[in-house]
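Descriptive analysis of the structure
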Amino acid sequence: MAAYENFSQVYDELMDDVPYDLWCSFVKQVLASFGIDGGLMADLGCGTGKMTERMAAAGYDMIGIDSSVDMLQIACDRSRSMSEPPLYLLQDMREFELYGTVRAVISVCDSVNYITSPGDLVRVFRLVNNYLDPGGIFVFDFNTEHKYRDMIGEDIIAEDREEVSFIWYNEYDENSRLNLIDLSIFVNEEDDLFRKYREQHVQRGYRLEEMRSLVEESGLVFLAAYDDYTMTPASEDSGRVVFVVREKGKGE
């Protein structure tokens, strides 16, 4: 079963603690420091569009890209009330295509961790470099190997709510550096009758210097690495890292 096929129905409800407003403020601050306060921007792995909508409200012309039709349907349905709704594209980020270049690209909520092959991730970064304006900026986050191995490990996370509950089994394999999430979702459909759905998600844990090497291999220019949407420099003890990189090649 494809990841997010059923989780998409309850994703926003169960992820209501994700600090999208803080992330949006951070991204705006970073982009403003490079003189980017509007124009076209692409959001890779946009999901249900929570971050995409916020950046659109901040004045950017947004393009949301995701490989889950279910997640994009939710994003499209909600954006209909917006005066300038984002354009949503059903595409795999490893093969995404745009109609032209954009001033910035973002990717949040560990979307790049779903790219479990370093070679494929270089491919994504090369596409980003190709579609960025000269000097354009790419801001993305990722979960580190330290987070999967030492902070999450083999945790079991369970949450019981009135309309939806879930059990999240987490397992990290140090040899493959793959993090397996076995997710059971229970949705109240009617009269306290719950339907169970099950999904598996696989993510790769990346090391700080490894990610920088992949960025540079793709042709992008590494600028900075921050700890979890703060201005604190990232370290090997960071769980979520935000990279800021720049386009290279056009106009040089």
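As a starting point, this report considers the structure included with it. What you see as residue numbers is a count from 1 along each chain, following the sequence as written. Reporting in this predicted model follows two pLDDT cut-offs: at least 70 for local features of residues, and 80 or more for side-chain atom pairs to be given and counted; totals over whole chains, interfaces and linings ignore these cut-offs and use all residues. Heavy atoms from the whole structure form the basis of all side-chain values; hydrogens and water molecules are not counted.

Description of the sheet that holds strand S7 (residues 164–173)
Basically, it comes down to this: Following DSSP output, two strands are said to pair if at least two bridges run between them. Secondary structure elements follow DSSP: runs of H or I no shorter than four residues count as helices, runs of E no shorter than two count as strands, and numbering proceeds from the N terminus. Axis angles are defined between N-to-C directions and span 0 to 180 degrees, where every axis is a line fitted to C-alpha atoms and, for a helix, only to the segment in contact. Contacts between residues were defined by any pair of non-hydrogen atoms, one from each residue, lying within 4.5 Å.
Strand order in this open sheet of four strands is S6-S7-S8-S9, and the pairing throughout is antiparallel. At either margin of the open sheet sits one strand with a lone partner, and together these are strand S6 (156–160) and strand S9 (193–204). On average, each strand axis in the sheet is tilted by 10 degrees relative to the strand beside it, whichever way the strands run. Alignment of S7 against strand S8 (residues 178–190), held across 10 bridges, turns out to be antiparallel. What sits directly across from phenylalanine 166, in S8, is isoleucine 185. Sheet strands touched by helix H6 (residues 145–152): S7, S8 and S9. Its angle to S7, the strand with the most contacts, is close to 110 degrees.

Comments concerning the packing of helix H5 (residues 118–131) against helix H7 (residues 208–218)
Our working rule: Orientation is classified from the angle alone, with under 35 degrees giving roughly parallel, over 145 giving roughly antiparallel, 65 to 115 giving roughly perpendicular, and any other angle giving oblique. If you view the pair so one helix is near and one far, a crossing is left-handed when the near helix is turned anticlockwise from the far one by less than a right angle, and right-handed when it is turned clockwise. Put simply, Ala, Val, Leu, Ile, Met, Phe, Trp, Tyr, Cys and Pro go in the nonpolar bin, Asp, Glu, Lys and Arg in the charged bin, and everything else, Gly too, in the polar bin.
Remark: H5 packs on H7, axes separated minimally by 8 Å, with the N-to-C direction vectors making an angle of 50 degrees. Judged by the angle between their axes, H5 and H7 are oblique. In this structure, the crossing between H5 and H7 has a hand that is right-handed. Of the residues in H7, those touching H5 at Pro118, Leu121, Val122, Phe125, Arg126 and Asn129 are Glu210, Met211, Leu214, Val215, Glu217 and Ser218. Along the lines of polarity and charge, the residues of the contact of H5 with H7 split into seven nonpolar, two polar and three charged.

What about the nonpolar core?
A general tendency of soluble globular proteins is for nonpolar side chains to be buried together. Selection rule: Buried Ala, Val, Leu, Ile, Met, Phe, Trp, Tyr and Cys residues that are joined via side-chain atoms within 4.5 Å together make up what is termed a nonpolar core. To sort residues, take the accessible area from a 1.4 Å probe on protein chains only and compare it with the maximum for the residue type: under 20% means buried, over 50% means exposed, and anything in between is partly exposed.
Phe125, Phe140 and Phe243 are the most contacted members of the largest nonpolar core, which totals 35 residues. Broken down by secondary-structure element, the contributors of at least two residues to this core are strand S1 (39–44), strand S2 (60–66), strand S4 (102–107), H5, strand S5 (132–143), H7, strand S10 (221–227) and strand S11 (240–246). The dominant element in this core, judged by the number of residues it contributes, is H5, at seven residues. Ignoring any residue separated from it by four or fewer positions in sequence, one finds phenylalanine 243 in contact with Phe138, Val139, Phe140, Phe142, Leu208, Met211, Arg212, Val215, Phe222, Ala224 and Ala225. Counting 26 residues, the second-largest nonpolar core is a separate cluster that includes Val18, Val27, Met55 and Tyr60.

Structural notes on the packing of aromatic side chains
Spelled out, the test is: Note on ring pairs: Phe, Tyr and Trp rings are taken, using the six-membered ring of Trp, and paired if centres are within 6.5 Å. Classes follow the plane angle, with under 30 degrees stacked, over 60 edge-to-face and the rest tilted. In this scheme, Lys NZ or Arg CZ marks a charge over a ring once it lies within 6 Å of the ring centre and within 35 degrees of the ring normal.
Considering all chains together, one arrives at 13 aromatic pairs under this definition. Taken together, Phe125, Phe138, Phe140, Phe142, Phe222 and Phe243 form an aromatic cluster joined through their ring pairs. One residue, arginine 204, lies across the ring of tyrosine 206, its end atom 5.1 Å from the ring centre.

Examining the sheet that holds S10
Read from one edge of the open sheet, seven strands run S3-S2-S1-S4-S5-S11-S10, paired in mixed fashion. Every other strand in the sheet has two partners, leaving strand S3 (87–90) and S10 as the edge strands with one partner each. Within this sheet the neighbouring strands show an average axis-to-axis angle of 20 degrees, counted without direction. With three bridges connecting them, S1 and S4 associate as parallel partners. Note on S4: the bridge partner recorded for aspartate 43 is isoleucine 106. Sitting on the sheet, H5 touches S1, S4 and S5, and the angle it makes with S5 is about 150 degrees. Helix-sheet contacts for H7 involve S5, S10 and S11, and the interaxial angle to S11 is about 25 degrees.

Topic: the environment of glycine 239
Take glycine 239: it is sitting in the loop between S10 and S11. For the pair formed by glycine 239 and tyrosine 226, sequence separation is 13 residues and the distance between their alpha carbons is 11 Å. In contact with glycine 239, not counting residues within four places along its chain, are Phe142, Asn143, Thr144, Lys147 and Met151.

Points about the pattern of salt bridges
Just so we agree on the cut-off: Should a side-chain nitrogen of Lys or Arg be within 4 Å of a carboxyl oxygen of Asp or Glu, the pair is scored as a salt bridge.
Overall, the coordinates contain 17 salt bridges when judged by the stated rule. Here arginine 240 ties to aspartate 110 by a salt bridge, and the two come within 3.3 Å at their closest N and O atoms. Of this pair, arginine 240 sits in strand S11 while aspartate 110 sits in the loop between S4 and H5, and the two are 130 residues apart along the sequence. Aspartate 110 carries the same exposure label as arginine 240, and that label is buried. The partner of glutamate 145 in a salt bridge is arginine 177, with the nearest N and O atoms 3.5 Å apart.

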